[in-house]
Amino acid sequence: MKPILFTNVRLIDPQSGIDQPGKLLVKNDKIVGVDLPTTEGQPEDCEIIDGQGSILCPGLVDMRVTVGEPGYEYRETIATAAEAAAAGGITTMAILPNSKPAIDNPALVTLLKAKGEATKSVSILPYGALSVGCEGQELAEIELLQEAGAIGFTDGDRALANTKLMLQTMLYASGFDGLIIQHPEDPSLAKNSSATESILATRLGLPSVPTAAEAIMIARDLRLAEQTNCRLHFGHISTAEGLDLIRQAKAKGLNISCDTAPVYFDLNEESIGDFRTYAKLSPPLRSEADRLAICQGLIDGTIDAIASDHLPRDVDDKRLPFAEAAPGGTGLVTLLSVTLIQVKNGNLTLPQAISLLCCNPARILRQSIGTLAKGSIADLCLFDPDQNWQVQAGKLPGRAQNTPFDNRILPGIVLGTWKSGHRVYKREHS
Amino acid sequence: MDKSFGQHFLGIEGLPAEQIEILLDRAENYALLNRSRKTPRNLLRERTLITLFFENSTRTRTSFELAGKRLGADVINMSVSTSSVSKGETLLDTAYTLNAMRADLLVIRHAQSGAPALLAQKVDASVINAGDGTHEHPTQALLDALTIRRHFGKLSGLTVAICGDIAHSRVARSNIILLNTMGCNVRVIGPRTLLPSSISKMGATPYYSMDDGIKNVDIIMMLRLQRERMSAGLIPSTREYFRFFGLDRRRLNLAKSNALVMHPGPLNRGIEIDSHVADDPHQSVIQEQVEMGVAVRMAVLEKFSHIKAQP
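Peer 1: Looking at this structure, how should I read the packing of helix α3 (residues 91-100) of chain B against helix α4 (residues 115-122) of chain B?
Peer 2: The angle between the axes and the distance between the axes are what describe a pair of packed helices. Residue and element names in this part refer to chain B. Between α3 and α4, whose axes approach to 10 Å, the crossing angle comes to 45 degrees. Here α3 lies oblique to α4, going by the angle between them. Note that α3 runs across α4; the crossing there is right-handed. Contacts between α3 and α4 involve Leu91, Leu92, Ala95, Tyr96 and Asn99 on the former and, on the latter, Ala115, Leu118, Leu119 and Lys122. Across the contact of α3 with α4, the residue classes tally to 7 nonpolar, 1 polar and 1 charged.

Peer 1: Is there a simple way to think about the confidence of the model for chain B in this case?
Peer 2: Interpretation of this model should avoid reading the predicted coordinates in detail wherever pLDDT is low. Averaged over all residues, the pLDDT of chain B equals 92, while 94% of them reach at least 70. Predicted complex metrics record ipTM = 0.89 and pTM = 0.93.

Peer 1: Can you walk me through unusual backbone geometry in this structure?
Peer 2: Most of the time, phi is negative for any residue but glycine, and the peptide bond is trans. Note the cis peptide between Lys100(A) and Pro101(A), where omega equals 5 degrees. By the element assignment, Pro101(A) lies in the loop between β7 (90-95) and α2 (106-119). The omega torsion across Gly265(B) and Pro266(B) is -10 degrees, close enough to zero to call that bond cis. Among the structural elements, Pro266(B) can be located in the loop between β9 (260-262) and α11 (275-278). The phi dihedral of Asn28(A) falls on the positive side, at around 55 degrees, and the residue is not glycine. For Lys120(A), which is not glycine, the phi dihedral falls at a positive 60 degrees. In this fold, Lys120(A) is placed in the loop between α2 and β8 (123-126). Judged by relative accessible area, which is 65%, Lys120(A) ranks as exposed.

Peer 1: I would appreciate a short explanation of the interface of chain A and chain B in the present structure.
Peer 2: Note on interface size: it is often stated as the accessible area lost on association of the parts. Listed per partner, the contact involves 15 residues of chain A and 20 residues of chain B. Counting the surface lost from both chain A and chain B, the interface buries some 1500 Å², and carbon and sulfur atoms represent 60% of this. Where chain A touches chain B, the interface holds 1 salt bridge. Among the ionic pairs, Arg203(A) bridges to Glu13(B), the shortest N-O distance being 2.3 Å. Where chain A packs against chain B, one counts 9 residue pairs in polar contact (both at pLDDT 80 or more). When grouped by side-chain class, the residues that make up the side of chain A that touches chain B number 8 nonpolar, 3 polar and 4 charged.

Peer 1: I keep staring at the sheet that holds β9(B) and nothing clicks. Help me out?
Peer 2: Sheets are built from strands paired through backbone hydrogen bonds, the pairs being either parallel or antiparallel. Residue and element names in this part refer to chain B. In space, the 5 strands of this open sheet follow the order β7-β6-β5-β8-β9, with parallel pairing throughout. Whereas interior strands pair on both sides, the edge strands pair on one side only; in this sheet they are β7 (205-207) and β9. Direction aside, neighbouring strands of the sheet carry axes that sit 20 degrees apart on average. Judged from the 3 bridges that link them, strand β6 (residues 185-189) and β7 form a sheet pairing that is parallel.

Peer 1: Help me out: how do you make sense of the side chain of Thr51(B) in this one?
Peer 2: Residues and elements named next belong to chain B. Here Thr51 is to be found in strand β1 (residues 48-53). Accessibility expressed as a relative area gives 0% for Thr51, which makes it buried. Thr51 has contacts with Arg61, Phe64, Ile76, Asn77, Met78 and Val107, leaving out every residue within four places of it along the chain.

Peer 1: For this particular structure, what's the right way to read the nonpolar core?
Peer 2: Leu60(A), Met93(A) and Phe383(A) are the most contacted members of the largest nonpolar core, which totals 92 residues. A total of 6 residues in this core trace back to one element, the largest contributor, which is helix α13 (residues 350-364) of chain A. Residue contributions to this core reach at least three from each of two domains, namely domain 1 (4-56 + 377-388 + 410-426) and domain 2 (59-364) of chain A. Among the nonpolar cores identified, the runner-up in size contains 63 residues, and Leu49(B), Phe53(B), Phe64(B) and Val296(B) belong to it.

Peer 1: It is not clear to me how the pattern of salt bridges should be interpreted in this structure. Could you clarify?
Peer 2: Side chains bearing opposite charge may pair, as long as their charged atoms lie close to each other. Summed over the entire model, instances satisfying the criterion amount to 39 salt bridges over all chains. The shortest N-O distance in the salt bridge between Glu226(A) and Lys252(A) comes to 3.2 Å. Placement of the pair is Glu226(A) in helix α7 (residues 212-228) and Lys252(A) in the loop between α8 (240-251) and β15 (256-260), with a sequence separation of 26 residues. Connected through salt bridges with shared partners, the residues Glu21(B), Asp25(B), Glu28(B), Arg149(B), Arg150(B) and Glu288(B) form a single ionic network.

Peer 1: Is there a simple way to explain the environment of Leu160(A) in this structure?
Peer 2: Residue and element names in this part refer to chain A. Turning to its location among the elements, Leu160 is positioned in the loop between β10 (153-154) and α4 (163-174). In this structure Leu160 comes out as buried when scored by relative accessible area, which is 1%. Through-space distance from the C-alpha of Leu160 to that of Thr228 is 16 Å; in sequence the pair is 68 residues apart. If near-sequence neighbours (up to four positions away) are discounted, Leu160 is found in contact with Leu130, Ser131, Gly136, Asp155, Leu165, Met166, Thr169, Gln182, Met217 and Arg220.

Peer 1: What am I meant to see in α7(A) here?
Peer 2: Along an α-helix, a turn takes 3.6 residues, which lines up residues three or four apart on a common side. Residues and elements named next belong to chain A. Here α7 spans 24 Å end to end across 17 residues, near enough to the 24 Å set by a 1.5 Å rise per residue. Within α7, the full set of buried residues consists of Ala213, Glu214, Ala215, Met217, Ile218, Arg220, Asp221, Leu222, Leu224, Ala225 and Thr228. Looking one or two places after α7, you find Asn229, whose phi comes out positive at around 60 degrees.

Procedures and definitions
- Residues numbered from 1 in each chain as written.
- Chains lettered and ligands numbered in written order.
- Predicted model: local features only at pLDDT ≥ 70, side-chain atom pairs only at ≥ 80, totals over all residues.
- Heavy atoms only, no water.
- Axes fitted to C-alpha atoms, helices over the stretch in contact; angles between N-to-C directions.
- Helix = DSSP H or I, 4+ residues; strand = E, 2+ residues; numbered from the N terminus.
- Parallel < 35°, antiparallel > 145°, perpendicular 65-115°, else oblique.
- Left-handed = near helix turned anticlockwise from the far one by under 90°.
- Contact = heavy atoms within 4.5 Å.
- Nonpolar A, V, L, I, M, F, W, Y, C, P; charged D, E, K, R; others polar.
- pLDDT = per-residue confidence, 0-100.
- Buried < 20%, exposed > 50% of the residue type's maximum accessible area, 1.4 Å probe, protein only.
- Buried area = accessible area lost by both parts, 1.4 Å probe.
- Salt bridge = Lys/Arg side-chain N within 4 Å of Asp/Glu carboxyl O.
- Polar contact = N/O pair within 3.5 Å; in protein donor to acceptor, adjacent residues only side chain to side chain.
- Pairing = 2+ DSSP bridges.
- Core = buried A, V, L, I, M, F, W, Y, C linked by side-chain atoms within 4.5 Å.
- Domains from an automatic or database assignment.
- Expected span 1.5 Å × (residues − 1).

Below you can see the structure in the form of structure tokens.
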């Protein structure tokens with residue numbers, strides 16, 4: 001394989017403190033030169049990619065993804081999710097374990113990693129189940145799962161509700177510095193709900209969950225984290241109240257982190273309009289005040305990472321009366337672009353956005369990826385932030401098409417994605 | 001079809017006061033024709049009306065059936081127990097099937113909020129909402145309004161108290177919207193567990209004490225209390241509920257002396273309403289509501305079907 005020289009690109013890697021026009025050289029699967037000032041060290045026979053001023057950043061690290069595999073292959077397989085990821089500039093996906101069967105067995109962790117390798121375009125970092133079957137009753141074999149390669153433990157989109165079990169799990173995990181990811185939602189308050197408690201939910205007659213459901217679970221787990229000193233991460237934060245609790249806990253120095261998803265800083269509950277099931281999510285879309293608070297959390301750094309929260313659904317899962325429809329939306333292809341809206345509107349700088357999408361999730365998951373540093377694996381994303389594209393459900397890469405952003409015109413086009421030095425996505429000229 | 005009306009009738013929300021007046025005027029006329037047995041039986045001739053009930057209902061289904069027949073439509077009743085829905089066919093499969101049979105009007109009742117809206121996206125027929133989940137029951141609100149208007153000659157300026165399980169009531173939602181649109185003062189009365197926290201933003205003043213809420217009102221609308229509210233822990237018992245939120249003679253006397261007592265039926269006697277009040281010949285208009293129901297549904301079928309009204 002010829003070495004690849006990227007020229008005429010703006011290199012952005014917040015972890016290395018790089019944000020400058022320059023060149024980058026890839027040999028085999030590694031980055032061997034960054035910002036080569038001259039042609040010195042440049043091999044004679046190499047493939048030259050002229051970025052024409054586009055941005056070259058580390059491949060995105062998406063720390064919250066559901067694929068349909070194993071168990072729901074009709075929704076999405078690892079292979080089809082990998083297509084969508086490549087088109088979205090994502091080179092690493094952390095996969096939730098609440099599949100069928102749940103990833104509560106070391107062999108399944110190994111299988112998922114191998115399936116990721118087989119795609120040759122995206123690494124899969126599996127989360128292990130926190131409880132057996134993700135059912136919240138018995139502690140899973142989490143240290144064995146970690147040994148097999150699980151990068152953290154969670155019950156996916158179910159909160160571990162039993163306080164005693166959560167305390168024991170956190171104590172146990174802290175013994176080997178395991179990472180616990182919580183879906184922060186009190187299940188008894190959230191049961192059967194399909195919207196956030198509001199005038200809109202009342203008007204539409206939809207069963208609703210108060211924002212307190214998020215705050216209550218976060219408050220409980222922060223207390224347990226303080227007691228156990230366990231590494232704790234909250235997934236898809238969606239409320240101002242929940243975020244405030246995390247902000248205060250961080251100020252106290254607790255060992256915690258959190259992410260949010262583009263839907264929670266870009267959309268509010270109005271998107272459900274007259275029963276639009278593609279905007280039915282878990283947690284549900286919140287009020288405009290909550291959305292603005294999430295934006296603020298991105299700006300002030302309380303939120304560490306942005307994850308797609310990709311959750312594939314089939315048409316038949318969605319074409320139902322609202323309360324019966326399955327929650328969740330796809331997000332791999334739109335992750336970068338929806339985040340760039342926050343750059344366009346001045347809330348975030350480009351390096352901040354790339355930190356949230358690449359460096360920070362890699363740091364939380366303790367992976368030496370998400371950087372352009374010399375010697376690191378050449379996982380790269382080349383994108384033009386100034387070109388727009390339109391989301392068209394039915395025509396998106398990957399199998400699942402349940403995007404909540406249908407018809408939106410979004411900034412930022414991924415021109416190319418490289419995994420370990422191999423080009424895995426190239427935008428077709430339109 | 002009256003061009004000013006849309007293809008479907010999914011709710012009171014979005015219906016302007018003028019259209020509500022038109023429907024009420026038409027219904028008033030139909031009420032007279034019903035009594036004289038001179039309804040225009042050719043108005044919906046050659047038109048097929050299918051009532052599609054995914055929830056049990058005797059009175060609403062019968063009322064729509066009568067309304068359709070009095071206008072000359074071919075009426076077919078489908079209910080869950082006799083349809084293939086119980087065999088796993090989805091709502092939309094059923095909709096596609098009925099659409100292929102070229103039904104002109106689909107009257108639907110469903111336990112889920114938004115089910116008629118989903119159906120309306122997929123069929124050519126006019127969809128009439130006969131009650132969806134806890135969302136809307138628009139013909140009930142119209143028949144309530146017509147009943148009130150016949151007694152007071154107007155709607156604006158009246159004070160209406162809706163009492164009971166507001167949180168789970170589509171009747172309450174449609175009535176709150178309609179009565180607000182027509183300039184009434186709306187109160188809602190019930191234990192806090194049965195009143196949504198955001199109800200005041202819908203234009204209804206909440207009262208947690210029935211004695212306070214009922215004072216000086218012109219109309220009292222009682223709602224049916226579902227027994228499952230007890231098992232869900234929203235209220236302790238029917239006994240306690242009746243003690244604090246049941247309508248009896250003493251409480252009725254706190255309202256204006258000519259206040260009307262209404263109930264969408266079916267009644268839970270001794271749980272939300274005392275029999276003496278329910279059957280009071282001067283103040284209870286529960287039977288009149290049923291009569292107006294047929295008239296209102298005739299007006300709705302006329303305005304939302306594809307045929308011009310006869311002069």
